[in-house]
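# Secondary and tertiary structure notes
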Amino acid sequence: EADIYQTPRYLVIGTGKKITLECSQTMGHDKMYWYQQDPGMELHLIHYSYGVNSTEKGDLSSESTVSRIRTEHFPLTLESARPSHTSQYLCASSSGQGGYEQYFGPGTRLTVT
Amino acid sequence: KNQVEQSPQSLIILEGKNCTLQCNYTVSPFSNLRWYKQDTGRGPVSLTIMTFSENTKSNGRYTATLDADTKQSSLHITASQLSDSASYICVVSDRGSTLGRLYFGRGTQLTVWP
């Protein structure tokens, strides 16, 4: 079992609210990632980080933002949630070794009403 | 364009039976291929990882094969159990970046019935 955690696991929130999805890992990995996954669809990379103070946008355009102030912590923020943001959000981390093995958290299921 | 295609999209089998899932990819330059198992509402968990030079790799009842020439992989599950019900995702990594970019298939949803 990978040591990567996400909270909350489930979130139902109204339109216009600001939300932060938490992700933390205790493996000391430099690289961290956020993916978005809709039912029956593939994972899409929305943000990634090479290390502290490094953040980049991924392949899928997202209105969310991320920060990386500490190695172990990679939160994702939506300033104003909309129904189109309803999805599953998965956080992952990698040491960059072993073929870039990525370890995934359990995910946050977000529903915006 | 780097892509990963999986078939079938869904599969229902009876407990104890075997099954094989397929993956075709166009990712280049190829680094490695993984099969992940994703239970409903959970994050993916790696089952196997194969590099260019490996043809077969086993992990318990799971056996993955790779044909790097035809860019195809398969995952064979032997003597299926109810707990095998999950989505199985084929993931290919390229050598083109230091990020370790992964390309995901949409997965095969496997349901094992008693």
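Note that the structure is a prediction, hence the values are computed from the model and not measured.

Parameters and conventions
- Residues numbered from 1 in each chain as written.
- Chains lettered and ligands numbered in written order.
- Predicted model: local features only at pLDDT ≥ 70, side-chain atom pairs only at ≥ 80, totals over all residues.
- Heavy atoms only, no water.
- Helix = DSSP H or I, 4+ residues; strand = E, 2+ residues; numbered from the N terminus.
- Buried < 20%, exposed > 50% of the residue type's maximum accessible area, 1.4 Å probe, protein only.
- Contact = heavy atoms within 4.5 Å.
- Areas by Shrake-Rupley, 256 points an atom, 1.4 Å probe, with all protein chains shown as cover.
- Lys, Arg positive; Asp, Glu negative; His and termini not counted.
- Charge placed at Lys NZ, Arg CZ, Asp CG, Glu CD.
- Buried area = accessible area lost by both parts, 1.4 Å probe.
- Salt bridge = Lys/Arg side-chain N within 4 Å of Asp/Glu carboxyl O.
- Polar contact = N/O pair within 3.5 Å; in protein donor to acceptor, adjacent residues only side chain to side chain.
- Nonpolar A, V, L, I, M, F, W, Y, C, P; charged D, E, K, R; others polar.

## A few points about the overall build of chain A
Along its length, chain A carries 0 helices and 11 strands. Reading chain A from its N terminus to its C terminus gives the helix and strand order β-β-β-β-β-β-β-β-β-β-β. Its C-alpha atoms give chain A principal-axis dimensions of about 40 × 30 × 25 Å. By residue count, 48% of the 113 residues in chain A fall in the buried class. Considering only intrachain contacts with a sequence separation of at least 6, the fraction spanning at least 24 residues in chain A is 53%. In the form shown here, chain A has an accessible surface area of approximately 5,300 Å², with 50% of it arising from carbon and sulfur atoms. One finds the centroid of the 9 positive side-chain charges in chain A at a distance of 7 Å from the centroid of its 12 negative side-chain charges.

## Re the interface of chain A and chain B
Taken together, the contacts link 24 residues of chain A with 20 residues of chain B. Buried area between chain A and chain B, summed over both chains or domains, comes out near 1,900 Å², and the portion from carbon and sulfur atoms is 48%. Where chain A touches chain B, the interface holds 2 salt bridges. Across the salt bridge formed by Arg-34 of chain B and Glu-101 of chain A, the nearest N and O atoms sit 3.5 Å from each other. Linking chain A with chain B are 5 residue pairs in polar contact (both at pLDDT 80 or more), by the criterion used here. Going through the elements one at a time, β4 (31-37), β5 (44-49), β9 (87-94) and β10 (102-104) of chain A are the ones with two or more residues in the side of chain A that touches chain B. At 4 residues, β4 of chain A tops the list of elements feeding residues into the side of chain A that touches chain B. For the side of chain A that touches chain B, the per-class residue count stands at 11 nonpolar, 7 polar and 6 charged.

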